Amino acid sequence: MINRKAIGYITANYTCRTSSKLTECRPLAALPVFGRYRLIDFPLSNMMNAGIKTVGVVMPSNYRSLIDHMESGRDWMLDRKKGGLFLLPGNAFGASKRGMRFLLRDIIANKTLFQRSDLPYVVMCGCNIIFNIDLAEIIDAHERSGAHATMVYCRAEREHDDDVTALEIGEAGRVHALHAGCSFGDNKFLDCCVINRNVLLDIIDNYQDVDHLDLFEAIEPEFGRIDVCSYEFKDLAFGVFDEQSYYQRSMEMLRPDLNDRLFNPDRPIMTKAHDAPPAKYCTGSTVCNSLVSAGCLIQGTVRGSILARDVIVEHGASVSNSIIMQSCVIRSGARVENAIVDKNNVIPAQTELRGTPDATLIIPKAPLATKELATLD
Amino acid sequence: MSKKECIAMLLAGGQGSRLGALTSKIAKPAVSFGGKFRIIDFSLSNCANSGIDTVGVLTQYRPYLLNSYVGSGEAWDLDERGAGVSILPPYATQEGGSWYAGTADAVAQNIGYIKEHDPEYVLILSGDHLYRMDYRKMLKSHIEHNADLTISVMPVPWEEASRFGIITKDPEDDRILKFTEKPEKPDSNLASMGIYIFSTKLLIDALEEDALDPRSSHDFGKDIIPKLLEENRRLYCYEFHGFWKDVGTISSFHETSMDLLGENPEFDLFDKNFPIMSNVTTRPPHYIGSDARVEDCLISNGCKVFGSVRHSIISTDCVIDERAVVEDSVLLPGAHVKAGAHVARAILGENSTVEEDVKLGSVDVTKDTAVVGNDVVIGKGE
């Protein structure tokens, strides 16, 4: 059954705190991850799996790759006659900030999205945290609680995490306060919430003078009058805030048990469809403990790595503990170790690229080869 | 409806009984092929890559999966306004209705569809062949010959010629002199590929005439073409050079699948100039385990390989457990080979399972290819 209770709102205009070669050429929401996905696939798919048919995406300023990826929203069933995908203007202010990612100014600027709907709830999601969540269940739990808003959190598993916000939770799961940064065991906010649409419209009208704040920062002094509940998410949640966390979270997906949980076929993660053929393994290739995407051609050796679409690993080349993005070619005899090689790079024959497990070598995105440019539409 | 130069009619209604267990539940063109594709993808991709935007797909046998797979043709970029893919099943009218009695009857019952699009030419295709062809070149040849009908042909080995419709042509100008279905003593090795371009008016006249003939079996090869030759119509052949295989039997299905492997296959799925498109479900990249061995294979998204795979095609969402061995085989989507099982020269149907430690098939090429139907579980002693 289609859940016609909520519309979606995704903030795709945030980046990460430290500038990175990986995000210089694209917004964070469009960062490729786990071979064939991009970060925004997770909030879009979570909303799709909850039957949400209207989604507004707050766009970053460098939106080209994000629009290229989402197109009409067809892959998430968002090419609707009624509802569909709405690209919303976003503010550059605070795009690299820590903490929550629902700047009030953006919400106010896009009031129309919330006014036009006649559904009772709005589901809000950022793009920095990867998880596969049953939003329909959270909407139901929110409805049962009678609260005005429900914030989704998980238990923090790392010692210090400055990029996220901790929730102080009291009786009946009510959120009392917010704290910047998380320590082990804290209630880590996942940049995901459900809020009553009419409450959101009230906030939009009454908090204009503090529009530089985040939605929940602005209403924190009135927690109580505005009833904010919490929901604990107990499955995998990966934050991507810097190169190191990106690399580590990616490598964790080489564990089949974690992979099965994130890519639960009951709640599929969708992405832009491509026509790449299955990956081809040639005679003499050696591959172990790796994720390999469609269109790859493997003649050499690949260990403990993630290969995106259309990667070629030639005879005698070796790739280990690395992330190789789309359309890279590792030429004969080249060695790549502990590296993230961004799109379109050709690693010349016999070259060595070595990072260490703690200091991953990053090769930035290369321009498209001229021949490929000529065949672009 | 604006006037079109050429539309395609794709014959996809056959049962495909020679594919045995693989078509017990689905139509032949819907059978999975090449890891992530279905057989009909090759014809539909040819249409899309040839600029033919209007395709009628004639379905009859177990059409559900085929219909939902083809949909509006969006996966092949064919969902254009005033064009697109239309599924054409048999239907009833005020005068009654009947099943499609043959290939010609199927098209004859849809003359209305052809008239609605009002093309100059109609391309007739089979949905069970593996090849890449730019139909524009064939159409150009048809127009240059001012032909009534052009048949695409290719030379086949003489010893196989009696399996095909064989064409004898005028060596001077490619005009067809003789057409014989499966001749015992072929006098030519030019085989019809089952790809026809008709000038529309002639096609409609021929089909309407054939429909009234009680002795006709309503088949293009057996009835329509011989009749047109008899009437001394302008029949020409268009010689195709390249890879073309009928995947309608178990042995050709297996052999053609194996032909996709290797570093420089004659039919290369990796050719980006002429992409094969398909209506895929999004699945994550496949995972190759720490102790897995993979050599000379095609492996699709969503698979998990913990055992050994050699010289095989592994389709979407297959699982090969620890200590399992798969060789010279084709695993269709969702097949599961459990721990310690050994699968050789086999075709495992969609969502089939080979239980632990079971031995299935033999690498001996003189033995028949083992076939496991869709959803079938092979346990010990079976």
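The rules behind these values
Residues numbered from 1 in each chain as written. Chains lettered and ligands numbered in written order. Predicted model: local features only at pLDDT ≥ 70, side-chain atom pairs only at ≥ 80, totals over all residues. Heavy atoms only, no water. Helix = DSSP H or I, 4+ residues; strand = E, 2+ residues; numbered from the N terminus. Polar contact = N/O pair within 3.5 Å; in protein donor to acceptor, adjacent residues only side chain to side chain. Contact = heavy atoms within 4.5 Å. Pairing = 2+ DSSP bridges. Axes fitted to C-alpha atoms, helices over the stretch in contact; angles between N-to-C directions. Disulfide = S-S within 2.5 Å. Buried area = accessible area lost by both parts, 1.4 Å probe. Salt bridge = Lys/Arg side-chain N within 4 Å of Asp/Glu carboxyl O. Phe/Tyr/Trp six-rings, centres within 6.5 Å; stacked < 30°, edge-to-face > 60°. Buried < 20%, exposed > 50% of the residue type's maximum accessible area, 1.4 Å probe, protein only. Lys NZ or Arg CZ within 6 Å of the ring centre and 35° of its normal. Patch = residues over 30% accessible without salt bridge, like charges linked within 9 Å, V, L, I, M, F, W, Y side chains within 5 Å. Areas by Shrake-Rupley, 256 points an atom, 1.4 Å probe, with all protein chains shown as cover. Lys, Arg positive; Asp, Glu negative; His and termini not counted. Charge placed at Lys NZ, Arg CZ, Asp CG, Glu CD. Parallel < 35°, antiparallel > 145°, perpendicular 65-115°, else oblique. Left-handed = near helix turned anticlockwise from the far one by under 90°. Nonpolar A, V, L, I, M, F, W, Y, C, P; charged D, E, K, R; others polar.

(A) Inspection of the side chain of T271 of chain A at higher detail. Considering the arrangement of structural elements, one finds T271 of chain A in the loop between α10 (256-262) and β14 (279-281). Reaching out from T271 of chain A, the side chain makes a polar contact with the side chain of D41 of chain A at a distance of 2.7 Å. Here T271 of chain A is in contact with R36, Y37, D41, H69, D75 and W76 of chain A together with T282 of chain B, once residues within four sequence places are set aside.

(B) Representation of the sheet that holds strand β27 (residues 352-354) of chain A in the model. Residue and element names in this part refer to chain A. The strand order across the open sheet built from five strands is β15-β18-β21-β24-β27, with neighbouring strands paired in parallel fashion. What marks the edges here is a single partner per strand, and that holds for β15 (286-288) and β27. Adjacent strand axes in the sheet meet at a mean angle of 5 degrees when their direction is disregarded. Here strand β24 (residues 335-337) runs beside β27; their pairing, made up of three bridges, is parallel. What sits directly across from R335, in β27, is E352.

(C) Fine view of the state of the cysteines. Scanning the model with the defined rule gives zero disulfides over all chains in all. You can see C193 of chain A has no disulfide; the closest cysteine sulfur is in C192 of chain A, sitting 6.8 Å from it. There is no disulfide at C318 of chain B, and the cysteine sulfur nearest it, in C303 of chain B, is 4.8 Å away.

(D) Layout of the interface of chain B and chain A. Every contact between the two is made by 38 residues of chain B and, on the other side, 39 residues of chain A. Interface area, chain B with chain A, both sides summed: about 3100 Å², of which 51% is carbon and sulfur. The interface formed by chain B and chain A contains three salt bridges. Measuring nitrogen to oxygen at the nearest pair gives 2.9 Å for the salt bridge that ties D260 of chain A to K304 of chain B.

(E) Broad picture of the packing of aromatic side chains. All names here are of chain B. Within the structure shown, the criterion is met by 22 aromatic pairs over all chains. Summarising the aromatic geometry, the rings of F37 and F42 are spaced 5.7 Å apart at their centres and angled 55 degrees between planes, so their arrangement reads as tilted. Residue F37 is classed as buried on the basis of its relative accessible area of 1%. Residues Y287 and F306 carry aromatic rings whose centres are separated by 6.1 Å and whose planes lie at 55 degrees to one another, so their mutual orientation is tilted. Of this pair, Y287 sits in strand β16 (residues 286-288) while F306 is found in the loop between β18 (304-305) and β19 (308-314), placing the two residues 19 residues apart along the sequence. The burial state of Y287 is the same as that of F306; both residues are buried. Taken together, the aromatic side chains of F33, F37, F42, F243, F253 and F267 make up a single cluster linked through ring pairs. Taking NZ or CZ as reference, R38 lies 5.6 Å from the ring centre of Y69, over its face. The ring of F267 has R132 lying over it, and the distance from NZ or CZ to the ring centre is 4.8 Å.

(F) Local environment of a negative patch on the surface. Residues D275 of chain A together with D77, D79 and E80 of chain B make up a contiguous surface patch of negative charge. Looking at the element boundaries, D79 of chain B is found in the loop between α2 (64-70) and β5 (84-88).

(G) Broad picture of helix α8 (residues 250-259) of chain B. Among the 10 residues that make up α8 of chain B, seven are buried, leaving the element largely enclosed by the rest of the structure. Those residues of α8 of chain B lying buried are I250, S252, F253, H254, T256, S257 and M258 of chain B.

(H) Region of the structure containing the pattern of salt bridges. All names here are of chain A. Scanning the model with the defined rule gives 47 salt bridges over all chains in all. Here R105 makes a salt bridge to D211, at a shortest N to O gap of 3.5 Å. Within this pair, whereas R105 is found in helix α4 (residues 104-109), its partner D211 is found in the loop between α7 (197-206) and α8 (215-219), the two being separated by 106 residues in sequence. Judged by relative accessible area, which is 26%, R105 ranks as partly exposed. Each of R64, D68, E71 and K272 takes part in salt bridges that share partners, so that together they form one network.

(I) Spotlight on the pairing of strand β10 (residues 149-155) of chain B. Residues and elements named next belong to chain B. Counting buried residues along β10, six of its seven residues qualify, which places the element largely inside the surrounding structure. Sheet topology note: the β10/strand β13 (residues 190-199) ladder contains six bridges and is antiparallel. Opposite L149, over in β13, you have F198 as the bridge partner. Relative to strand β14 (residues 235-239), β10 runs parallel, the two sharing five bridges. From the neighbouring strand, V153 faces β14, where its bridge partner is E239.

(J) Local environment of the environment of A317 of chain A. Residues and elements named next belong to chain A. As for its placement among the helices and strands, A317 is situated in the loop between β20 (312-313) and β21 (318-320). Among the residues examined, A317 registers a relative accessible area of 1% and is labelled buried. Separated by 13 residues in sequence, A317 and I330 have C-alpha atoms that sit 6.4 Å apart. Once you skip the residues sitting within four places of it in the chain, A317 turns out to touch G300, T301, I330, R331, S332, G333 and A334.

(K) Representation of the packing of helix α6 (residues 200-211) of chain B against helix α7 (residues 220-230) of chain B in the model. Residue and element names in this part refer to chain B. Running from N to C, α6 and α7 cross one another at 115 degrees; their axes reach a closest spacing of 11 Å. With respect to α7, the element α6 is oriented roughly perpendicular. The two elements α6 and α7 meet at a crossing, and its hand is right-handed. Taken together, the residues of α7 that come into contact with α6 (itself represented by L202, L203, A206, L207, E209 and D210) are F220, D223, I224, K227 and L228. By residue class, the composition of the contact of α6 with α7 is seven nonpolar, no polar and four charged.

(L) Layout of the sheet that holds strand β26 (residues 353-354) of chain B. Read from one edge to the other, the open sheet built from 11 strands follows the order β28(A)-β25(A)-β22(A)-β19(A)-β16(A)-β16(B)-β18(B)-β20(B)-β23(B)-β26(B)-β29(B), with strand pairing classed as mixed. Bordering the open sheet on either side are β28 (361-363) of chain A together with β29 (377-378) of chain B, each of which pairs with just one other strand. The pairing of β26 of chain B with β29 of chain B spans two bridges and is parallel. Bridge pairing links V354 of chain B to I378 of chain B in β29 of chain B.

(M) Quick look at a nonpolar patch on the surface. A contiguous nonpolar patch, built from Y63, I67 and L87 of chain A and spanning about 260 Å² of accessible area, is present on the exposed surface. Following the sequence through the fold, L87 of chain A ends up in strand β5 (residues 84-88).

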